[in-house]
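# Observations on chain architecture
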Amino acid sequence: MTTVIGRRARLAAVPLSFGGRAVAGWGRRLAGADADAVSADVLERNAEQLFAVLGQLRGGAMKVGQALSVYEPMLPAEFAEPYRRALTRLQAAGPAMPVADVHRVLDTQLGSAWRTRFREFDAEPAAAASVGQVHRAVWHDGRAVAVKVQYPGAGDALDADLRTLERFSRVLTMIVPELDARAVLAELRRRMLDELDYRAEAAHQRVFAAAFDGDEHLAVAKVVASAPRVIVSEWLDGEPLGVAMTRDTDAAQRDRWARTIVETMFSTPARLGLLHADPHPGNVLVLPDGRLGLVDFGAVAELPDGVPPVLATILRHVADGDADAAVALMRAEGFVAGEVAASDVLRFVGGLADPLREPRFRFHRAWLARHGARVTDLRGRAYRETGRALSLPAGHMVVVRVLSGWCAVLAQLDCTVDARGLAREWLPGFR
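The structure presented is a predicted model; accordingly, all values stated were derived computationally and were not measured.

### Quick notes on the pattern of salt bridges
Under the criterion given, the structure shown has 15 salt bridges. A salt bridge links R104 to D101, with the shortest nitrogen-to-oxygen separation between them at 2.2 Å. One end of the pair is R104 and the other is D101, both in helix α5 (residues 99–110) and 3 residues apart, which spans about a single turn. Classification of R104 by relative accessible area gives partly exposed; the value is 49%. The shortest N-O distance in the salt bridge between K148 and D296 comes to 3.2 Å. Placement of the pair is K148 in strand β3 (residues 144–150) and D296 in the loop between β10 (292–294) and β11 (300–302), with a sequence separation of 148 residues. As far as the burial class goes, K148 and D296 line up, both buried. If you follow the salt bridges from partner to partner, you end up with D141, R143 and E234 in one network.

Below, the structure written as structure tokens:
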């Protein structure tokens, strides 16, 4: 296991190396090297180092890289290609937990006789989660199961990663200019600490599994057994949506997958009082029968009253072209303070309303890049003042973040969805 000191040292080396490469590149340009070639080389090497480090660290650091990978289509064109290659590799697992550590965790969580509960247990991990890894096994009754085992010391390592990353948050602005890196890291820290509680995760998964039992479009694995640091659930056999995206998939099939994602996102707060809050293509599997499988319930927002109606109403006003009504409602609710321009406020929320403006909307990379440009065009003082002026309650902010994340995923999928009709069906305040 990587020590906390070693983890900090690897992260601390990143901004120093970035600065060194910038100086070296400046020197090469003075010596007559082609400026574009030098810049591309520096970007490539920065991407390789940053994401190699993030990929080797567990928990928070790896999660930051995965979060950035969702928004890869929003990267400026000059950054996109080198970071696209590096970000893609971050979907893969970090270094595996030693087998002895796996057995020790199972001893403490399931009892020293845990082996009798399984017919088979594969010591090699099948996948990595943010604070643990997944093993394939066969339960004593013959069911294929996934065994999610939390890394020993995951909490301390996670906290150390995120605190260290906050110190070097300016590095992330080298990837996404104008990114409010501190705010991103603070939100990730809150969410990631929740993911350490496997008991809560198992409880949320049980609710989702019961609700979607027998559903023709979405599958959720049933929980077989759980403990504070171990979850055993039925095995879902499929490939990650991120992998399926790379294939030449039929457009109609992509549209069906997208509709399932949007309907799940809109409907579960109303049906279950819960929202899966970790939008990432690795958390959706494409099953052999064409259904989608939703996995990893470590980050689930509890919304007992569903999506806040006022938030849906704001989106409806923006979608219907009534920007003044949207901003007036935001001011009345205390979501906007100060004298920032209404047009600047709408740059931050307008992209979420785009899919709701027409009966069927096409999500694609070019659209997401345009949405990103709306925000990053707000440079300097206007950007900072607008960002400070916006203040949403936590229950509202998590919905905005999840909507943004899934919009980014759908843009990579390149699909068309009747999002407006689904919003009318499931979001009070949008009708």
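There is more to say, and it comes next.
### Topic: the sheet that holds strand β5 (residues 223–227)
Across the sheet, which stays open at both edges, the 5 strands sit in the order β1-β2-β3-β6-β5 with antiparallel pairing between neighbours. Every interior strand has two partners, whereas the edge strands, β1 (118–128) and β5, have only one. Each neighbouring strand pair of the sheet contributes to a mean axis angle of 20 degrees, computed without reference to strand direction. Docked against the sheet, helix α8 (residues 198–211) engages β2 (132–139), β3, β5 and β6 (230–234), running at close to 160 degrees with respect to β5.

### Some words on helix α16 (residues 394–413)
Compared with an ideal rise of 1.5 Å per residue, which puts 20 residues at 28 Å, α16 spans 29 Å between its outermost C-alpha atoms and is within 8% of the ideal. When you tally the buried positions in α16, you get 16 out of 20 residues, the bulk of the element. Following α16 by one or two positions, D414 has its phi on the positive side, about 60 degrees.

### A closer look at the nonpolar core
The biggest cluster of nonpolar side chains holds 71 residues, and the ones touching the most others in it are L241 and F266. The leading source of residues in this core is α16, at 12 residues. Each of two domains, domain 1 (95–153 + 176–235) and domain 2 (239–430), supplies a minimum of three residues to this core. Discounting residues that sit within four places of it in the chain, F266 has contacts with L356, L403, A419, L422, A423, W426 and L427. Counting residues in hydrophobic clusters, the runner-up holds 25 residues, among them L106, A137, V145 and A227.

### Topic: unusual backbone geometry
Excluding glycine, a negative phi dihedral is what most residues carry, and trans is how most peptide bonds are arranged. In this model, D296 sits at a positive phi of 65 degrees, which is unusual for a non-glycine residue. Positive phi is not limited to glycine here, since D414 has a value of about 60 degrees. As for its placement among the helices and strands, D414 is situated in the loop between α16 and β13 (415–417). Judged by its relative accessible area of 26%, D414 falls in the partly exposed class.

### Focus: α5
For α5, which comprises 12 residues, the first-to-last C-alpha distance of 16 Å matches the rise-based estimate of 16 Å (1.5 Å per residue) to within 8%. Of the residues making up α5, those classed as buried are D101, V102, V105, L106 and L110. Projected onto a plane normal to the axis of α5, the buried residues spread over an arc of 135 degrees and lie on a single side. On its buried side, α5 packs onto β1, β2, β3, β5 and β6. A positive backbone phi angle near 95 degrees is found at G111, which sits one or two residues after α5.

### Things to note about the packing of aromatic side chains
Enumeration according to the criterion identifies 8 aromatic pairs in this entry. Aromatic side chains W114 and F118 sit 6.1 Å apart centroid to centroid with 75 degrees between the ring planes, which places their arrangement in the edge-to-face category. With respect to class, W114 is no different from F118; both count as buried. On the numbers, 5.0 Å between centres and 45 degrees between planes, the contact of F208 with F297 is tilted. Residue F208 is found in helix α8, and its partner F297 is found in the loop between β10 and β11; the two are separated by 89 residues along the sequence. Residue classification places F208 among the buried residues on the basis of a relative accessible area of 0%.

### Points about the side chain of T249
Tracing the sequence through the fold places T249 in the loop between α9 (241–244) and α10 (251–272). Given the relative accessible area of 15%, T249 is considered buried. At a separation of 3.4 Å, a polar atom in the side chain of T249 contacts the main-chain carbonyl oxygen of A244. Every residue in contact with T249, bar those within four places of it in the chain, is listed here: A244, R254 and W257.

### Let's talk about the sheet that holds strand β7 (residues 239–240)
Pairing in this open sheet of 4 strands is mixed, and the strands run β4-β10-β9-β7 from one edge to the other. At either end of the open sheet lies a strand with only one pairing partner, and these are β4 (218–219) and β7. α10 contacts β4, β9 (284–286) and β10 of the sheet and is inclined by roughly 30 degrees relative to β10.

The rules behind each value
- Residues numbered from 1 in each chain as written.
- Predicted model: local features only at pLDDT ≥ 70, side-chain atom pairs only at ≥ 80, totals over all residues.
- Heavy atoms only, no water.
- Salt bridge = Lys/Arg side-chain N within 4 Å of Asp/Glu carboxyl O.
- Helix = DSSP H or I, 4+ residues; strand = E, 2+ residues; numbered from the N terminus.
- Buried < 20%, exposed > 50% of the residue type's maximum accessible area, 1.4 Å probe, protein only.
- Pairing = 2+ DSSP bridges.
- Axes fitted to C-alpha atoms, helices over the stretch in contact; angles between N-to-C directions.
- Contact = heavy atoms within 4.5 Å.
- Expected span 1.5 Å × (residues − 1).
- Core = buried A, V, L, I, M, F, W, Y, C linked by side-chain atoms within 4.5 Å.
- Domains from an automatic or database assignment.
- Arc of directions from axis to C-beta.
- Phe/Tyr/Trp six-rings, centres within 6.5 Å; stacked < 30°, edge-to-face > 60°.
- Polar contact = N/O pair within 3.5 Å; in protein donor to acceptor, adjacent residues only side chain to side chain.

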